[in-house]
Amino acid sequence: MTLFIERARSSRPVSWLTLLGVLLLPALIGGVLVAALQNPTERLESMTAAIVNLDEPVTIDGQYTPLGRQLAAGLVEGSDDLDSNLTWVISNEDDAADGLADGSYQAVVTIPAEFSTAATSAGQAIAGDATPQQATMVVATPDDALIADDLITSQIAAAAASSLGTMLSEATLENVLVGFTTLGDQIGEAASGALELANGAHAAADGAAALPDGAAQLADGATQLSSGISQLGSGATQLGAGANQLGGGVTQLGDGAAQLGTGASDLATGLGSIADGTRQAAGGATELGSGLTDGAAALDASGLVPDELFTAANGAQQATVGVKSGVDQLADGMSALLAACAGRESTDPVCVGLAGMSQSMPQLQGAADAAAQASAGTAGGLEAFDGQATATIAEQLRTAGTGASSLADALNQLAGGVDQSQAGATALSTGAGDLSGGAAALTAGANELAGGVGELASGAGQLASGATDLGTGASALADGAGELATGLDTLATGTGDLAGGLRTAADSLPSFTDQESSSLASVIADPVSSDAGGNALFGPTAIPLLAAVVLWFGGLASFIVMRAHTARTLTSRRSSAALTLRAFLPAALIGAGQGVLVALIVQIVAQYEAGTWWAFAGTAVVAGVAFAAVNQALVAVFGGVGRWISALVGVIAVATGLISTVPGWLASLGAALPTAPAFTGLISANGGAIAALIVWGVLSIVGTTIAVALRRTTSTKAVLASA
């Protein structure tokens, strides 16, 4: 069936089948393009990509870390940002290269050997064990890969790498944040320790400040000790002199005892008194030796304590008093014997000997008296004695005790001799000899006592010198203690300042719990997120762009099939406007139908809401009618070149609608084309876009009418030529 619509470049009319083809052409083209390009990421299973994992895992702090394996798993399983529904194949280098060459693999992702080392180098660099490096992976596609294949594989690999990088950054930052907390705690502990040190230094400074007074008291005590020990030395010297005198007197006593032996038979009664006196003297000497020995033991047991030393000194004093008393009694006994010798002083040898001994008794009494005075001096000197001379004094006291014991033995022997004299005159000679021997022993003991006392005097002198040195050292200690107190106070102030600084530093450092560290690290590692549909390869403007372009080419197709005006334009009796509208009306109806069909195809794919679809469909219908008018005008004005221009307009519309990085002049040209308001209106219906399309349509009809009017004038030559 044919219609009364003239076919372009042919006299045959246009058939219904031709019109149906023109009507369906935009819908078919649009349907194919939309079906192919709408949500391609949902059909990624048709793509096959290989993963070549060359990574060599690393061990960090005893933890085996195969990051290449984890990245490969992330590619296969997908990530939070992008599902990975590609068909992934774990391969090797040779198989990947062969598959890329023969088309088995649309992409190959290669994870290099040093991937784990580089990926963990940042954390190791913080610990000072490595140089930070950036981990990389290689995405390769074949040279004949389709346009979007590179974009799809790169986007999926980038999402997996970003996810892994975020995980590593979170782990590193979490360790850093925990390190801040640990460092703050340690600085806080150091501040507490510094504060305790400052308090201790203050206490030590207070104690050191009290040292000078104690040291001064120690120096005064040492001076008094030195003075007392000096007195002890003087008393010991006097005691030695008395002991020497005692030795001399005892020697004389021995001589007299030898003379006494010849007349001992007449002296039995007197000798009994002498024996008693001698025993008393021996008891005094024994007490002296015991006191000295006990004093030495007490000194060894408890040190130099004034009470015990006084006891020893008093014992020595009592012993010397006993000796003096014994000597006095001996003198009284001899005086009684001399009284018995009255009338025989010059004739009786015994009486003569007694007279000689009586003359030496004052010296012996003087020696005993000197010994008593020396003991008294010793007791006074021991009042300031200090424990530092304990060992020396104890040794000297033991020596003196030994001498006193020897003296006691000698006196006991003398008493025994006197007792023997009482037995009879025959035993007097023997007793006198014993007396002489006892006197000799007494002399030796007295000499030993003198020597011991001399050593005591020497030791006392050394002790006095040591006490003087002690006083000097105590004075130096007082000076040093003052400086020590000043230094400790300065130390306390400095450590207090240090404690305050450390506490300020500890308070300034942030502190996080494990949960806070993990949460903060995740935010710092990925501080900015976007809710944009970043996973789509084509944005929401893809469908409006495709719809506008196919409608434009639908209008071009109409005037590839139909004439822009009738071939009888020159001879027709109708007006130019009527001729224009007669040729435009079929194309306008086809454009409106194309708009409806394209809107239906889009709804099947995009599933717009009802209101949005009705706006989209209305804009598509207006655009189809306007594009028909513009293409009619292009053909009417420029002829076949107009169709070429129309095709170029469609190409420019595609180029400027895909990306915003086209050259400025091209973008300006695209904005001036009739496809621009159609594209804008199909994205979001608005009155401005509809008005612009209507203006383009009206202007195009006006232009076609002018072109038709110009075609209706000709020359006589042209008419004759056609005839």
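Quick notes on the rules
Residues numbered from 1 in each chain as written. Predicted model: local features only at pLDDT ≥ 70, side-chain atom pairs only at ≥ 80, totals over all residues. Heavy atoms only, no water. Helix = DSSP H or I, 4+ residues; strand = E, 2+ residues; numbered from the N terminus. Buried < 20%, exposed > 50% of the residue type's maximum accessible area, 1.4 Å probe, protein only. Contact = heavy atoms within 4.5 Å. Disulfide = S-S within 2.5 Å. Lys, Arg positive; Asp, Glu negative; His and termini not counted. Salt bridge = Lys/Arg side-chain N within 4 Å of Asp/Glu carboxyl O. Polar contact = N/O pair within 3.5 Å; in protein donor to acceptor, adjacent residues only side chain to side chain. pLDDT = per-residue confidence, 0-100. Core = buried A, V, L, I, M, F, W, Y, C linked by side-chain atoms within 4.5 Å. Pairing = 2+ DSSP bridges. Expected span 1.5 Å × (residues − 1). Axes fitted to C-alpha atoms, helices over the stretch in contact; angles between N-to-C directions. Parallel < 35°, antiparallel > 145°, perpendicular 65-115°, else oblique. Left-handed = near helix turned anticlockwise from the far one by under 90°. Nonpolar A, V, L, I, M, F, W, Y, C, P; charged D, E, K, R; others polar. Arc of directions from axis to C-beta. Phe/Tyr/Trp six-rings, centres within 6.5 Å; stacked < 30°, edge-to-face > 60°.

## Section: the overall build of the protein chain
Moving on, step 1. Within the protein chain, the secondary structure is distributed over 20 helices and eight strands.
Moving on, step 2. Every one of the 723 residues in the protein chain was classed for burial, and the buried ones make up 42%.
Moving on, step 3. Summarising the internal contacts of the protein chain: among those between residues at least 6 apart in sequence, 82% fall at separations of at least 24.

## Considerations on the state of the cysteines
A covalent bond between the sulfur atoms of two cysteines is what we call a disulfide.
Moving on, step 1. By the definition in use, this model includes one disulfide.
Moving on, step 2. Covalent S-S linkage joins C341 and C351, the inter-sulfur distance amounting to 2.0 Å. Measuring the twist about the S-S bond at about -85°, one finds the C341-C351 disulfide to be left-handed. Of the two residues, C341 sits in the loop between α8 (306–340) and α9 (349–381) while C351 sits in helix α9, which places them ten residues apart along the sequence. This pair shows no difference in class: C341 is buried, exactly as C351 is.

## Digging into the side chain of D55
Moving on, step 1. Looking at where D55 falls in the secondary structure, it is placed in the loop between β3 (48–53) and β4 (58–60).
Moving on, step 2. Of the side chains bearing the opposite charge, R69 lies closest to the buried D55, which forms no salt bridge; the N-O distance is 7.6 Å.
Moving on, step 3. Here G68 takes part through its backbone nitrogen, which lies 2.9 Å from a polar atom of the side chain of D55.
Moving on, step 4. A polar contact is formed between the side chain of D55 and the side chain of S116, at a distance of 2.4 Å.
Moving on, step 5. Those residues in contact with D55, other than ones at most four positions away along the chain, are P66, L67, G68, I111, P112, A113, E114, F115 and S116.

## A look at the confidence of the model for the protein chain
Moving on, step 1. On average, residues of the protein chain carry a pLDDT of 76, and 68% of them reach 70 or more.
Moving on, step 2. The least confident element of the protein chain is strand β1 (residues 2–6), whose mean pLDDT is 55; the most confident is helix α15 (residues 610–638), at 94.
Moving on, step 3. Segment residues 530–537 is flagged for pLDDT under 50; beyond a separation of four residues in sequence, or across chains, it makes eleven contacts in the model.

## Section: the nonpolar core
Moving on, step 1. The biggest cluster of nonpolar side chains holds 26 residues, and the ones touching the most others in it are F616 and F627.
Moving on, step 2. Where this core is concerned, the elements lending two or more residues are α13 (542–561), α14 (576–606), α15, α16 (640–658) and α18 (675–683).
Moving on, step 3. For this core, the leading source of residues is α15, giving nine residues.
Moving on, step 4. In contact with F627, other than residues within four places in its own chain, are A548, L551, W552, P674, T675, A678 and L693.
Moving on, step 5. Counting residues in each nonpolar core, the second largest holds 14 residues, with V327, C341, C351 and M361 among its members.

## A closer look at the pairing of strand β7 (residues 107–111)
Moving on, step 1. With four of five residues buried, β7 is to be regarded as a mostly interior element.
Moving on, step 2. Examined bridge by bridge, β3 and β7 share five bridges and lie parallel to one another. By the bridge assignment, V52 is partnered in β7 with T110.
Moving on, step 3. Strand direction decides the pairing type here: β7 and strand β8 (residues 138–140), joined by three bridges, are antiparallel.

## Some points on α13
Given 3.6 residues to a turn, an α-helix orients residues that are three or four positions apart in the same direction.
Moving on, step 1. Spanning 20 residues, α13 covers 29 Å between terminal C-alpha atoms, matching the ideal 28 Å at 1.5 Å per step.
Moving on, step 2. The element α13 is extensively covered by neighbouring structure, given that 18 of its 20 residues are classed as buried.

## Quick look at the packing of α13 against α14
Moving on, step 1. One can describe the packing of α13 onto α14 by two numbers: an axis separation of 10 Å at closest approach and a directional angle of 150°. In terms of axis orientation, α13 runs roughly antiparallel to α14. In this structure, α13 crosses over α14, and the sense of that crossing is right-handed. Of α14, the residues touching α13 (which contributes I543, A547, V550, L551, G554, G555, S558 and F559) are A583, A587, I590, Q594, G595, V598, V602 and A606.
Moving on, step 2. Residue composition of the contact of α13 with α14, by class: eleven nonpolar, five polar and no charged.

## So, the sheet that holds β3
Moving on, step 1. Across the sheet, which stays open at both edges, the four strands sit in the order β6-β3-β7-β8 with mixed pairing between neighbours. Lying at the two open borders of the sheet, with one neighbouring strand each, are β6 (87–91) and β8. Strand-to-strand twist in this sheet, taken as the mean axis angle between neighbours without regard to direction, amounts to 20°.

## What about the environment of G326?
Moving on, step 1. Positionally, G326 belongs in helix α8.
Moving on, step 2. Separated by 42 residues in the primary sequence, G326 and A368 have C-alpha atoms spaced 9.0 Å apart.

## Topic: helix α3 (residues 93–102)
Moving on, step 1. Taken as a whole, α3 has its buried residues at A96, G99 and L100. Projected down its long axis, α3 carries its buried residues within an arc of 100°, all on one side. Set apart from the buried face of α3 by more than 90 degrees, the exposed residues are D94, D98, A101 and D102.
Moving on, step 2. Against β3, β6, β7 and β8 lie the buried residues of α3.
Moving on, step 3. Put simply, N92 is the residue that caps the front of α3, since its side-chain oxygen is 3.3 Å from the backbone nitrogen of D94.

## A word on the pattern of salt bridges
Moving on, step 1. Scanning the entire structure with this criterion turns up five salt bridges.
Moving on, step 2. The partner of R279 in a salt bridge is D419, with the nearest N and O atoms 1.7 Å apart. Of this pair, R279 sits in helix α7 (residues 268–302) while D419 sits in helix α10 (residues 390–423), and the two are 140 residues apart along the sequence.
Moving on, step 3. Judged by its relative accessible area of 26%, D419 is partly exposed.
Moving on, step 4. Of the charged contacts in the structure, one is a salt bridge between K324 and D328, with a shortest N-O distance of 3.2 Å. Note that K324 and D328 are positioned in helix α8 at a spacing of four residues, about one turn of the helix.
Moving on, step 5. Under the relative-accessibility criterion, K324 is labelled partly exposed at 26%.
Moving on, step 6. For D328, a relative accessible area of 22% translates into the label partly exposed.
Moving on, step 7. Each of D276, R279 and D419 takes part in a single network of salt bridges with overlapping partners.

## Digging into the packing of aromatic side chains
What characterises a pair of aromatic rings is the spacing of the ring centres plus the angle enclosed by the ring planes.
Moving on, step 1. By the definition in use, this model includes three aromatic pairs.
Moving on, step 2. Arranged with centres 5.2 Å apart and planes meeting at 80°, the rings of W552 and F627 form a pair that is edge-to-face. Pair noted here: W552 is in helix α13 and F627 is in helix α15, with a separation of 75 residues, a long-range link.
Moving on, step 3. When its relative accessible area of 1% is taken as the criterion, W552 is described as buried.
Moving on, step 4. Ring geometry for W613 versus W614: centroids 5.1 Å apart, planes at 70°, classification edge-to-face.

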